[in-house]
Amino acid sequence: AGIATQAIVEKQLKKEGITKEMLGREQFVKKVWEWKETYGNRIEKQLRKLGSSFDWERKSFTLDQQRTNGVLSAFSQLYQKGYIYRANRLVNWSCQLKTVISDIEVEPMEISGPTKYKVPSDSYLAEIGVLIEFAYKIKDTNEEIIVATTRLETMLGDVAVAVHSNDSRYSHLIGKELIHPFIKERKMIIIIDDILVDMNYGTGAVKITPAHDINDMECGKRNNLNFINILNDDGSLNENAGEFKGKGRYEVRTLLEDALKQKGLYRNKKPNPMSIGKCSRSGDIIEPLMKPQWFMKCSEIGPRMIQVVENGELNISPESHCKIWKHWISNLQDWCISRQLWWGHRIPAYRILIKDENGDYFYKDDKENDIWIIDTNEEEVKCKAKKIIQNKFIYEIIQDEDVLDTWFSSALLPFTNFDWPNKSEEFNAFFPNTTLETGYDILFFWVARMVMMSLILENKLPFKNVLLHNLVRDENREKMSKSKGNVIDPLDIINGCPLDNLIQTIKDSLLPEKEKEKAIIMKKKNLPEGLPVCGADALRFSLLSYVTENKD
C-alpha cells in the first residue's frame with residue numbers, strides 16, 4: 001500500500017533524525033524496497049504456515065518490472081482513449097501525508113457539537129463543531145454584512161460575499177465593495193448567486209472562498225472570481241494570508257477569533273453539528289485544495305458496471321452487496337489518480353517547458369495550457385518534443401514527479417499478472433478468471449476498479465464471481481490495523497507467544513507513545529498469559545466457524 005508503506009519508512013527514518021528529503025528520492029526509495037523485502041517475506045511466511053495452497057512460482061508484486069510495464073502501458077492507453085486527463089481542481093489534501101487522497105479514502109467524522117480535535121499535522125487543537133459569525137464592513141458606508149463559517153481561517157481566502165437576488169435586505173448592496181479587515185489590498189464585492197444562497201438560512205449572506213470549498217469553487221466559476229489559495233502543503237498559511245503567514249491553520253483559527261473581537265467584527269459562536277472529512281490513513285482533517293492533478297473519467301463506464309451485475313454476468317456474494325454496488329456506481333465521481341509520493345509507479349507524463357530567447361519560461365505555472373507528452377519511452381518523448389517545438393525555441397523535458405495511486409496498479413492485476421499487454425499463452429489461459437475472493441471492505445477500492453479497468457482495456461469482465469469474506473476485528477469491533485497496534489500476528493497464534501514478547505513487539509513498533517501505552521494495557525488485560533500454542537488447523541477452523549454465521 002503506497003501511502004501506508006511510505007509513511008512507515010518515514011517514521012523509521014525520523015527515529016534516526018533523518019527525513020526523506022535529506023536522503024533524496026533515489027536513496028529513500030531504496031530504503032522502502034528494503035522494508036518491503038523484510039515485511040513482504042513475513043507475509044509469505046504467514047501464508048505458507050497457514051497452509052495456503054498457492055502456485056508460489058507465479059508470485060508477483062505490483063512494482064516488479066513486468067507489472068510496471070503493464071501499468072505504464074495502461075496509463076498510456078487510457079490517455080489515448082480519452083479516459084485520463086489533467087485538470088486544476090479541488091482535491092482532498094492530507095497535510096500530514098502531503099498528498100492527495102481519493103474520495104473513498106476520506107472517512108466522515110460525525111461531530112455533535114463543540115469539540116477539540118488533535119490533528120497530526122498541527123500542534124494546535126482544532127476547534128470543530130462550531131459556527132462563527134463575523135461582519136464585513138461595506139466600503140464608504142456605515143453598513144456591514146454578517147456571514148458565518150465553520151472554518152474561520154478560510155476568511156483569509158475570501159473574495160466575495162454572495163446574496164440572493166430576491167433578498168430585499170441586501171438588494172441595495174449588490175456590487176458594493178467590502179473591506180477585508182486583514183488584507184487591505186484584497187478587492188471583495190457583494191454578488192448575486194441564487195444557486196448557492198438560501199436566503200432563509202443563517203444570515204442569507206455567504207462568504208465565498210473559491211480555492212477552499214467545492215460549492216464556493218462552482219460559485220467562483222459562475223461569477224468569474226479570483227481563486228486565492230491560502231495554504232501551504234503542510235497546512236501552514238502562505239503569503240496570501242497576510243500577517244498570519246507561516247502559522248498553522250488551527251492556530252490561525254484561534255488568533256482570528258481574537259483579532260475579529262479586537263476589531264469589533266466578531267458577532268457570535270454557535271454549536272454546529274456537522275460531518276468532517278478525515279484521512280483514513282493518518283487521521284488528519286482533510287483540506288480541499290486547488291491542485292493540478294491527473295484524473296480518470298468514470299461516469300461513461302458506470303452504467304455498464306451496473307448492467308453486468310443486474311443481468312447476472314457478474315455474481316456478487318453475499319447478494320446484499322449488489323444494492324450497495326449499484327448505489328455507489330451510480331454516484332461515481334472522476335478518480336484522482338496522482339499522488340505526491342516517492343514510492344510507487346511514477347507517472348509517464350513529460351512536461352515540455354519552453355523558454356524564449358532571454359531564457360525565461362513561457363509557462364511558469366502548472367496550468368492546463370502547458371504541453372504534456374504521454375509515453376512510456378523517453379527517447380520517443382524527445383522525438384515528439386522536437387516535432388512539437390520544431391527547434392524554434394529552447395525547451396526542457398521534465399517527467400512528472402507524482403506517482404500513481406496504489407489502487408491503479410492493483411486494478412490491473414487480473415491481466416498484468418499474465419504478461420499483459422503481451423497476449424501471451426498465459427494471458428489467454430488465465431484471463432478472464434473465474435472467482436475473486438476478498439474482504440467486503442475493499443469492494444470499491446479494488447473490486448470495482450478491477451471490473452472498470454478490464455471492461456475499458458479488454459472489453460471483458462476480469463472474473464465471473466466475487467465472494468466477499470468477513471473481517472477479523474479486535475475485541476472492540478475495530479478493524480485490525482498496524483497503525484492502531486491492535487493486530488494479532490497469525491504466527492503468534494500458531495506457534496504461541498509469551499506476553500513479554502507481545503509487549504516488546506508493541507514497544508518496537510512505530511506507534512505514537514500514547515497509542516503504545518493503550519495497546520500494552522489491552523494486551524495485558526486480554527492475554528495475561530500470552531498466547532498458547534494453537535497450531536494452524538485450530539486457527540483456520542475458528543475463523544471458519546464465524547464465517548458460517550456471517551459475522552465479523
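Residues numbered from 1 in each chain as written. Predicted model: local features only at pLDDT ≥ 70, side-chain atom pairs only at ≥ 80, totals over all residues. Heavy atoms only, no water.

Right, let's get into the sheet that holds strand 2 (residues 99-101). The strand order across the open sheet formed by four strands is 2-1-14-16, and the pairing between neighbours is antiparallel. The strands lining the two open edges of the sheet, one partner per strand, are strand 2 and strand 16 (335-336). One ladder, built from 10 bridges, connects strand 1 (residues 84-94) with strand 14 (residues 287-296); its direction is antiparallel. Note on strand 14: the bridge partner recorded for W93 is E287. (Pairing = 2+ DSSP bridges. Helix = DSSP H or I, 4+ residues; strand = E, 2+ residues; numbered from the N terminus.)

Our focus in this paragraph is helix 6 (residues 249-262). Here helix 6 is 14 residues long and its end C-alpha atoms lie 20 Å apart, about the 20 Å a rise of 1.5 Å per residue gives. Taken together, the buried positions of helix 6 are occupied by R249, Y250, E251, V252, R253, L256, E257, A259 and L260. After helix 6 finishes, the residue G264 shows a positive phi value of roughly 75°. (Expected span 1.5 Å × (residues − 1). Buried < 20%, exposed > 50% of the residue type's maximum accessible area, 1.4 Å probe, protein only.)

Following the criterion strictly, the structure yields 39 salt bridges and no others. Taking the shortest distance from any N to any O, the salt bridge between K20 and E21 comes out at 3.2 Å. We classify K20 as buried; its relative accessible area is 13%. Residue class for E21 comes out exposed when judged on its relative accessible area of 53%. The residue K291 makes a salt bridge to D233 at a minimum N-O spacing of 2.5 Å. Of this pair, K291 sits in strand 14 while D233 sits in the loop between helix 5 (214-222) and helix 6, and the two are 58 residues apart along the sequence. By relative accessible area, which is 16% here, K291 ends up buried. For D233, a relative accessible area of 34% puts it in the partly exposed group. (Salt bridge = Lys/Arg side-chain N within 4 Å of Asp/Glu carboxyl O.)

Further remarks concern the nonpolar core. Grouped together as the largest cluster of nonpolar side chains are 55 residues, with contacts concentrated most on M296, M305, W325 and F408. Element by element, the count of residues in this core is highest for helix 13 (residues 443-458), at 13 residues. Ignoring any residue separated from it by four or fewer positions in sequence, one finds M296 in contact with L78, Y83, I84, D334, W335, I337, F408, M452, M453 and I456. One finds V91, Y170, F182 and Y266 within the second-largest nonpolar core, a separate group that totals 40 residues. (Core = buried A, V, L, I, M, F, W, Y, C linked by side-chain atoms within 4.5 Å. Contact = heavy atoms within 4.5 Å.)

With parallel pairing, the three strands of this open sheet are ordered in space as 15-23-22. Two strands close off the open sheet at either side, each with one partner strand: strand 15 (315-317) and strand 22 (435-439). Strand-to-strand twist of the sheet, defined as the mean angle between neighbouring strand axes without regard to direction, takes the value 15°. Two strands pair when backbone bridges link them, and strand 15 and strand 23 (residues 465-469) are joined in this way by three bridges, in the parallel orientation. Following the sheet pairing, N315 is matched in strand 23 by N465. (Axes fitted to C-alpha atoms, helices over the stretch in contact; angles between N-to-C directions.)

Structurally, R42 can be placed in helix 3 (residues 25-49). Under the relative-accessibility criterion, R42 is labelled partly exposed at 35%. Along the backbone, R42 and N470 are 428 residues apart, and their C-alpha atoms lie at a distance of 23 Å. In contact with R42, other than residues within four places in its own chain, are D489 and L491.

Moving on, we come to the packing of aromatic side chains. Within a pair of aromatic rings, the relevant descriptors are the distance that separates the centres and the angle that separates the planes. Counting across every chain of the model gives 20 aromatic pairs. The interplanar angle of 85° and the centroid separation of 5.3 Å between the aromatic rings of W294 and W372 together place this pair among those described as edge-to-face. Here W294 is found in strand 14, whereas its partner W372 is found in strand 19 (residues 371-374), with 78 residues between them in sequence. What makes W294 buried here is its relative accessible area of 1%. With relative accessibility at 16%, the residue W372 sits in the buried group. Ring centres of F418 and F430 lie 5.2 Å apart, and the angle between their planes is 25°; this geometry places the pair in the stacked category. (Phe/Tyr/Trp six-rings, centres within 6.5 Å; stacked < 30°, edge-to-face > 60°.)

Along helix 7 (residues 302-310), the residues classified as buried are G302, M305, I306, V308 and V309. What you see down the axis of helix 7 is that its buried residues fit within an arc of 160°, all on one side. Relative to its buried face, helix 7 has exposed residues pointing more than 90 degrees away, namely P303 and E310. Against strand 15, helix 8 (320-330) and helix 13 lie the buried residues of helix 7. (Arc of directions from axis to C-beta.)

Position of S338 among the secondary structure elements: in strand 17 (residues 338-339). Residue class for S338 comes out buried when judged on its relative accessible area of 0%. Between the C-alpha atoms of S338 and T406, which are 68 residues apart in sequence, the distance is 9.5 Å. Sequence-distant contacts of S338, that is, excluding residues within four places in its chain, are made with V100, Q293, W294, I347, D402 and V403. A distance of 2.6 Å separates polar atoms of two side chains, one belonging to S338 and the other to Q293. (Polar contact = N/O pair within 3.5 Å; in protein donor to acceptor, adjacent residues only side chain to side chain.)

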